[in-house]
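# Architecture at a glance
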Amino acid sequence: MPKLIKNVGCPYCGSSCDDIEVLVSDDETQIIDVHNACIIGNNLFHHANDPTRPRLPRMRQPDGSMKEIPYPEAIDWMAKTMLAAKKPLIYGFGSTNCEGMSAVARIAEKSGAVLDNCATICHGPSFLAIFDNGYPSCTLGEAKNRADVVVFWGCNPMHAHPRHTSRYSIFPRGYFTQKGQMQRTVISVDPRQTDTAKLADIHLMLDQGHDYELFDAFRTVMRGYDIPDVVAGIKKETIQEAVGIMKKARFVMIFFGMGCTHSDGRNHNVDHAISMVRDLNTFTKASIMAMRGHYNIAGPGQVWSWIFGFPYCIDLSKGTHAHMNPGETSSVDLAMRDEVDCFVNVGADAGAHFPIQAVQHLKKHPFIAVDPNFCMASEIADLHIPVRIAGVDEPGVVYRMDNVPIQFKAVIKGLPGVPSDEELFDMVYERMCELTNTQPIWLAAKEDRKHPSNISAVNEA
Ligand code: SF4
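As annotated in an unreviewed UniProt entry, the protein carries the name formylmethanofuran dehydrogenase subunit B and comes from Methanoregula boonei. In UniProt, the protein has this text filed under Function (unreviewed entry): "Catalyzes the reversible oxidation of CO(2) and methanofuran (MFR) to N-formylmethanofuran (CHO-MFR). This enzyme is oxygen-labile."

Helix and strand counts for the protein stand at 20 helices and 21 strands. Against the 2.2 N^0.38 benchmark of 23 Å for 461 residues, the protein shows a C-alpha radius of gyration of 24 Å, consistent with a compact globule. Taking the principal axes of its C-alpha atoms as reference, the protein extends roughly 70 × 60 × 55 Å. Burial statistics for the protein: of 461 residues in total, 54% are counted as buried. Sequence separation of at least 24 residues holds for 66% of the intrachain contacts in the protein that already meet a minimum separation of 6. If you average the places of the 44 positive and of the 54 negative side-chain charges in the protein, the two averages end up 4 Å apart.

This next bit is on the side chain of S330. As for its position among the elements, S330 is in the loop between strand 16 (323-324) and helix 14 (331-336). Overall, the relative accessible area of 5% leaves S330 in the buried class. Separated by 2.6 Å, the side chains of S330 and D333 make a polar contact. Ignoring sequence-local partners within four residues, the contact set of S330 consists of D116, T120, C313 and N325.

Applying the stated criterion across every chain yields a total of 13 aromatic pairs. Between the aromatic rings of W153 and F215, the centroid separation amounts to 3.8 Å while the plane-to-plane angle is 15°, which identifies the pairing as stacked. With a gap of 62 residues between them, W153 in strand 8 (residues 149-153) and F215 in helix 9 (residues 211-222) connect regions that are remote in the sequence. Residues W153 and F215 agree in their burial class; the two are buried. Members of the aromatic cluster, connected to one another through ring pairs, are Y91, F343, F354 and F367. Positioned over the ring face of F283 is K247, at 4.2 Å from the centre of the ring.

Sequence positions flagged by UniProt for "domain: Molybdopterin oxidoreductase" (unreviewed entry) are, in local numbering, residues 57-263. Along residues 57-263, the helical share is 43% and the strand share 18%, with 39 Å between the first and last C-alpha atoms.

Partitioning the protein into structural domains gives domain 1 (70-116 + 295-396 + 419-446) and domain 2 (124-290). Counting residues at the interface gives 4 residues for domain 1 and 5 residues for domain 2. Between domain 1 and domain 2 we count 0 salt bridges in total. Among the residues making up the side of domain 1 that touches domain 2, the classes are represented as 4 nonpolar, no polar and no charged.

Okay, the site of the ligand next. Around the ligand sit C10, Y12, C13, S16, C17, A37, C38, G41, P162 and R163, and those are all the residues in its vicinity. By residue class, the composition of the shell around the ligand is 7 nonpolar, 2 polar and 1 charged.

The next thing to look at is the packing of helix 9 against helix 10 (residues 236-248). Across the interface, helix 9 lies against helix 10 with an axial gap of 10 Å and an inter-helix angle of 60°. With respect to their mutual orientation, helix 9 and helix 10 come out oblique. The two elements helix 9 and helix 10 meet at a crossing, and its hand is right-handed. Only I239, Q240, A242, V243, M246 and K247 of helix 10 make contact with helix 9, whose side of the interface consists of L214, A217, F218, V221 and M222.

This paragraph deals with the state of the cysteines. Applying the stated criterion across every chain yields a total of 0 disulfides. Left without a disulfide partner, C155 is nearest to the cysteine sulfur of C260, which lies 7.8 Å away.

Conventions we followed
Residues numbered from 1 in each chain as written. Predicted model: local features only at pLDDT ≥ 70, side-chain atom pairs only at ≥ 80, totals over all residues. Heavy atoms only, no water. UniProt positions renumbered as here; feature names shortened; annotations may be inferred. Helix = DSSP H or I, 4+ residues; strand = E, 2+ residues; numbered from the N terminus. Rg over C-alpha atoms; globule rule 2.2 N^0.38 Å. Buried < 20%, exposed > 50% of the residue type's maximum accessible area, 1.4 Å probe, protein only. Contact = heavy atoms within 4.5 Å. Lys, Arg positive; Asp, Glu negative; His and termini not counted. Charge placed at Lys NZ, Arg CZ, Asp CG, Glu CD. Polar contact = N/O pair within 3.5 Å; in protein donor to acceptor, adjacent residues only side chain to side chain. Phe/Tyr/Trp six-rings, centres within 6.5 Å; stacked < 30°, edge-to-face > 60°. Lys NZ or Arg CZ within 6 Å of the ring centre and 35° of its normal. Domains from an automatic or database assignment. Salt bridge = Lys/Arg side-chain N within 4 Å of Asp/Glu carboxyl O. Nonpolar A, V, L, I, M, F, W, Y, C, P; charged D, E, K, R; others polar. Near = heavy atom within 4 Å. Axes fitted to C-alpha atoms, helices over the stretch in contact; angles between N-to-C directions. Parallel < 35°, antiparallel > 145°, perpendicular 65-115°, else oblique. Left-handed = near helix turned anticlockwise from the far one by under 90°. Disulfide = S-S within 2.5 Å.

What follows is the structure, given as structure tokens:
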């Protein structure tokens, strides 16, 4: 009998929807149907059924072709290659669980690598602004229950986070927002007439790249000063109207995206946005949130901050302490200056999403892809190691865009013999310890955590 599994998490976008229902075959190897997910999430689950999913690592041969090899051989090659490198770069982690992010940290330490995640090409500028100016944020539940004015600045959730508006931001009826959409005023700030902008009550179609000026104008009006007749292509009266609505609101929620972090000004745009939220809080209650992209891209920020004190761009090559300086220790900058001599791509696709010049530099050195599927990175790699898909055939903890942790389930059995990211990294770490004649202390500590009786036995002795 097929089995319906409820409260499943969707491992795609930062909305991290945890109300998905998945119907699986009685032997728990096939996904038959998916309920509640948007079209992207639906496709992701069904893709796990793909019979062509790789089941063995593949190594590049002298003639350029790829040949399947056993896992122990791939693990040995990865361990030796990383130990031989002076400065490996380990990048990705938007799409895996926190257990994998924790396990890879030991490999990074052991090899003196730079550890970085997709934030480096996404909301990294937001981190820089947060370091400078703080983060007056809240959870998505607060937005759902309280927000009567919702601003989407430089983001298009109708395409990038398809259920965001129905679960958290526009349509849901919350505790203090019983009338749902009827009770909310939606403002979109975007140079394009996006599908989100079409839903908005007010669309400020600013000149592309002029967000900083517009934030400045908003703050100036908010403080009661005059502004020029037109700022960033928007008329003074429209800015005054939007600011008036925000000041009169009971709770203003500002969501921002790549329109702020990828355009001129980057972290300074976000810095201004945070200051605007501060200003607004002298009149009403207001909060701000980065529209984080992948379902667990907030995860590495959390996990690596506990371990190293930094969320991304973590340079461990000094061996004694971690060092972070985006611009110097960020993946694309390191690649463009050809400063790394081994690249490991995990749960992301640098092959598709890095600038081509950066990829060309990375390709001069050993290139390893750890990914459940075939992707651009796996197709240009020297070694491709398949792993299980977190949230589909591997459970784990993920952090939603508001940094709320959610336990994701596995809905089907993993492919036989294919490890999870965590298992793979533990095996590579163990092999690195063998090769360097050191104790795998981290694995011993993990075993003790799983079997606390070991610790009490040690204590008693
Ligand atoms: S909105 Fe995002 S998390 Fe939710 S079902 Fe769609 S892709 Fe998955």
